[in-house]
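# Topology and contacts: notes
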Amino acid sequence: MSTVKPITLTRHLEGELEVGGIDLTELAQTYGTPLYVLDEATLRDNCRAYTAPLSQHYPNYQVVFAGKAGLNKGILNLIAEEGLGVDVVSGGELYTALKSDVSPDKILFHGNNKSLEEISMALDHQIRIVVDNGQELKNIQTLCQQKACTANLLVRLKPEIEAHTHDYIKTGHIDSKFGIDKRELIDIISFIVDTPELKFLGIHGHIGSQIFDVEPYLDLVRIMVGHLVHIKSEVGVEVEELNLGGGIGIRYIEQDDPPAIDLFIEKLTTLLKEELKKAGLKEPKLILEPGRSIIGNAGLTLYTVGAVKPIPGIKDYVFVDGGMADNPRPMLYQAEYTFELANKAGKGKPYTIAGKYCESGDVLAEGVLLPEPSVGDVLAVYGTGAYNYAMASNYNRCQRPAMVGVFGGHSRVLVRRETYDDVIRYDL
Ligand code: LLP
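Residues numbered from 1 in each chain as written. Predicted model: local features only at pLDDT ≥ 70, side-chain atom pairs only at ≥ 80, totals over all residues. Heavy atoms only, no water.

### Here's the deal with the overall build of the protein
Stated formally: Runs of H or I in DSSP of at least four residues are treated as helices and runs of E of at least two as strands, each being numbered from the N terminus. Radius of gyration here uses only the C-alpha atoms, and the compact-globule reference equals 2.2 Å multiplied by the residue count raised to the power 0.38. With a 1.4 Å probe rolled over the protein chains alone, any residue whose accessible area is under 20% of its type maximum counts as buried; one over 50% counts as exposed, and the rest are partly exposed. Only heavy atoms matter for contacts: two residues are in contact if any of them lie within 4.5 Å across the pair. The Shrake-Rupley method, run with a 1.4 Å probe sphere, supplies the accessible areas, and residue values consider only the shown protein chains as cover. A positive count includes Lys and Arg, and a negative count includes Asp and Glu. His and the chain ends are not counted in either. For this purpose, a charge sits on NZ of Lys, CZ of Arg, CG of Asp or CD of Glu.
Along the protein, the regular secondary structure elements total 12 helices and 20 strands. In terms of overall size, the protein behaves like a compact globule, its C-alpha atoms giving a radius of gyration of 23 Å where 428 residues would be expected to give roughly 22 Å. Judged by the C-alpha coordinates and their principal axes, the protein covers about 70 × 55 × 40 Å. Expressed as a percentage of its 428 residues, the buried residues of the protein come to 58%. A fraction of 69% describes how many contacts in the protein between residues 6 or more apart in sequence connect residues 24 or more apart. About 18200 Å² of surface is accessible on the protein, with carbon and sulfur atoms providing 51% of the total. Taking the average place of the 42 positive charges on the side chains of the protein and the average place of its 58 negative ones, the gap between the two points comes to 1 Å.

### Things to note about the domain arrangement of the protein
Interface size is often expressed as the accessible area that is lost when the parts come together. Here is the rule: Just so you know, the domain bounds were taken from an automatic or database domain assignment. Joining two parts hides part of their accessible area as seen by a 1.4 Å probe, and the buried area is that hidden amount summed over both. In what follows, salt bridge is the name for a side-chain nitrogen of Lys or Arg lying within 4 Å of a carboxyl oxygen of Asp or Glu. In the analysis that follows, any N or O atom pair within 3.5 Å is treated as a polar contact, provided that within protein one partner can donate a hydrogen and the other can accept it, and provided that, for residues neighboring in sequence, both atoms belong to side chains. Each residue gets one of three labels, nonpolar for Ala, Val, Leu, Ile, Met, Phe, Trp, Tyr, Cys and Pro, charged for Asp, Glu, Lys and Arg, and polar for the others, Gly among them.
The assigned domain composition of the protein is domain 1 (10–33 + 298–423) and domain 2 (40–294). Computed over C-alpha atoms, the centres of domain 1 and domain 2 are 33 Å apart. With 20 residues of domain 1 in contact, the opposing surface of domain 2 contributes 18 residues. Of all residues in domain 1, Ala 298, Tyr 333 and Tyr 387 give up the largest surface area on contact with domain 2, accounting jointly for 31% of the area buried on that side. Applying the counting criterion to the domain 1 and domain 2 interface returns 1 salt bridge. Between Arg 412 and Glu 40 there is a salt bridge, with the nearest N and O atoms lying 2.9 Å from each other. Applying the counting rule to domain 1 against domain 2 returns 4 residue pairs in polar contact (both at pLDDT 80 or more). Where the side of domain 1 that touches domain 2 is concerned, the elements lending two or more residues are helix 11 (329–333), strand 19 (402–407) and strand 20 (410–415). Grouping the constituent residues of the side of domain 1 that touches domain 2 by class yields 12 nonpolar, 5 polar and 3 charged.

### Some thoughts on the nonpolar core
What counts here: Side-chain atoms within 4.5 Å link the members of a nonpolar core, which is a set of buried Ala, Val, Leu, Ile, Met, Phe, Trp, Tyr and Cys residues.
Membership of the largest hydrophobic core comes to 84 residues, with the highest contact counts inside it found for Phe 65 and Ile 231. It is helix 8 (residues 215–235) that contributes the most residues to this core, 9 residues altogether. A domain split of this core shows at least three residues from each of domain 1 (10–33 + 298–423) and domain 2 (40–294). Setting aside residues no more than four positions away along its own chain, Phe 65 makes contact with Gly 70, Ile 75, Leu 76, Ile 79, Leu 84, Gly 85, Val 86, Asp 87, Pro 290, Gly 291, Ile 294 and Ile 295. Membership of the second largest hydrophobic core comes to 19 residues, among which are Val 37, Leu 300, Ala 342 and Ala 402.

### So, the site of the ligand
Put simply, the rule reads: One heavy atom suffices: a residue is near a molecule or strand as soon as one of its heavy atoms comes within 4 Å of it.
Neighbouring the ligand are 20 residues, the closest being Ser 209, Glu 289, Arg 292, Arg 329 and Tyr 387. One nitrogen or oxygen atom from the side chain of Glu 289 is found 2.6 Å from a nitrogen atom belonging to the ligand. When the ligand sits alone it has 590 Å² of accessible area, and the protein chains cover 92% of it. Class assignment of the residues belonging to the shell around the ligand gives a composition of 6 nonpolar, 8 polar and 6 charged. In terms of domain composition, the shell around the ligand takes at least three residues from each of domain 1 (10–33 + 298–423) and domain 2 (40–294).

### Focus: empty space enclosed by the protein
Put simply, the rule is: Throughout, the protein atoms alone are placed on a 1 Å grid, and a set of points is a cavity if a 1.4 Å probe fits but cannot get out or a pocket if it is open with protein on both sides within 12 Å along at least five of seven lines; lining residues have an atom within 4 Å of a point. Grid points are joined across faces, edges and corners, and a volume is the space filled by probe spheres set on the points.
Scanning the model with the defined rule gives 3 cavities of 30 Å³ or more in all. Roughly 60 Å³ of volume is contained in the largest cavity. The wall of the largest cavity is formed by Tyr 36, Val 37, Leu 38, Gly 299, Leu 300, Thr 384, Gly 385, Tyr 389 and Met 403. Secondary-structure elements contributing two or more residues to the lining of the largest cavity are strand 4 (35–39) and strand 13 (299–311). The leading source of residues in the lining of the largest cavity is strand 4, at 3 residues. Partitioning the lining of the largest cavity into residue classes produces 6 nonpolar, 3 polar and no charged.

### As for the state of the cysteines
Here, disulfide denotes a covalent bond that connects the sulfur atoms of two cysteines. Convention followed: Whenever a pair of cysteine sulfur atoms sits within 2.5 Å, that pair is classed as a disulfide.
Going through the model one piece at a time under the given rule, you end up with 0 disulfides. As a non-bridged cysteine, Cys 144 has Cys 149 as the owner of its nearest cysteine sulfur, 4.0 Å distant. Exposure remark for Cys 144: the relative accessible area of 1% places this residue in the buried category.

### Structural notes on the packing of helix 4 (residues 91–98) against helix 5 (residues 116–124)
Each packed pair of helices is defined by two parameters, the angle between the axes and the distance between the axes. Spelled out, the test is: Simply put, an axis is a line fit to the C-alpha atoms, just over the touching stretch for a helix, and the angle between two N-to-C directions goes from 0 to 180 degrees. An angle below 35 degrees is treated as roughly parallel, one above 145 as roughly antiparallel, one from 65 to 115 as roughly perpendicular, and anything else as oblique. In this scheme the crossing of two helices becomes right-handed for a clockwise turn of the near helix relative to the far one and left-handed for an anticlockwise turn of less than a right angle.
Across the interface, helix 4 lies against helix 5 with an axial gap of 10 Å and an inter-helix angle of 20 degrees. Between helix 4 and helix 5, the interaxial angle falls into the category roughly parallel. Of the two elements, helix 4 crosses helix 5, and the hand of that crossing is left-handed. Residues Gly 91, Leu 94, Tyr 95 and Leu 98 of helix 4 form the contact with helix 5, whose participating residues are Glu 118, Met 121 and Ala 122. When the residues that make up the contact of helix 4 with helix 5 are grouped by side-chain class, the tally is 5 nonpolar, 1 polar and 1 charged.

What follows is the structure, given as structure tokens:
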């Protein structure tokens, strides 16, 4: 069951919070704030939440971590140890993956407008590519001819499923920018099958992100198996790989109710096996691409309270030393988070948590119940492992925070804090 907090998080009797065996205030003192903290035990546990039930119910599987949620070499080395691959969506993510312990045959390259340079990098390392459109396919073919190589391809299909989530993170609907229209699918696959330098591996469908219902995934299974039947009858091939994307939601606040991963996997694979059997098709390798549910609750952010500003009769602001530059999600998606003081237990009255950036909208949350905060207190925000560092910016020329991994009472820097010199690095 997805927890808001990392699995190793506990509060001592004296009131101090600890994660991975280390006090949060000690981490804040040692590394400074804002600080991203990654609980390695939670990350591993989340990986196993996928791999254990898959091994039991559908052993021909591959889990690829959706790296866009948050990747660096340290994170990738951990997920590689857990047997996961990674899906990348840019040259930069691919480069990071190639520099990590993830083996190239477990990397999958996504994107709706891959540049020639990016495709070329993928081909040079025999990375599987998920094709988004016809132009991309032509570009891949041309590059394969120039390089005298073969491309291993999946085709991304627009599944035409409306999932209930924020408009910005829906992807399966008909007017989505991602994927190939089902009416073009057979032509695209026939082209791949008939082109010597292209190898057709399978199809991909992804319905969106932060999804709490299992039903749209079951619809996806039915729709995708329908396409497999069609592909077999029209093109005469059975696919080797079926990729059902990612998107399972996580619990950011206690009221959130995402499905348990093991039950999700059981329902998904049971239906998939039934549908394949009914259709008389062999079982392809099942690929899943979870991002948020692998890393979201493994991360937390620490801030230091710099000031408390009451506006009498209206609200009380708590100012922290980060905000929209290290976590743009509240502003972008009205995302909610759970907050606690690392050094004081209990709930008091409501506070508005505001960042330090020069923008009124730089508010992380309203109405957060905290015991009376004072200057110097450390505020912990849970669930920031996914799409926080990944979407962080240098707004106001701030330095992006460090990320520290914790495990068994030890901590290590995964990404160092930026310096002022980093901030002016590209100024000429
Ligand atoms: N596969 C594909 C093709 C995707 O586009 C995505 C997410 C995933 C897998 C992983 O989805 P996840 O398991 O992480 O939900 N920045 C937004 C989320 C954007 C998601 C983009 N695609 C946010 O902060 O909520």
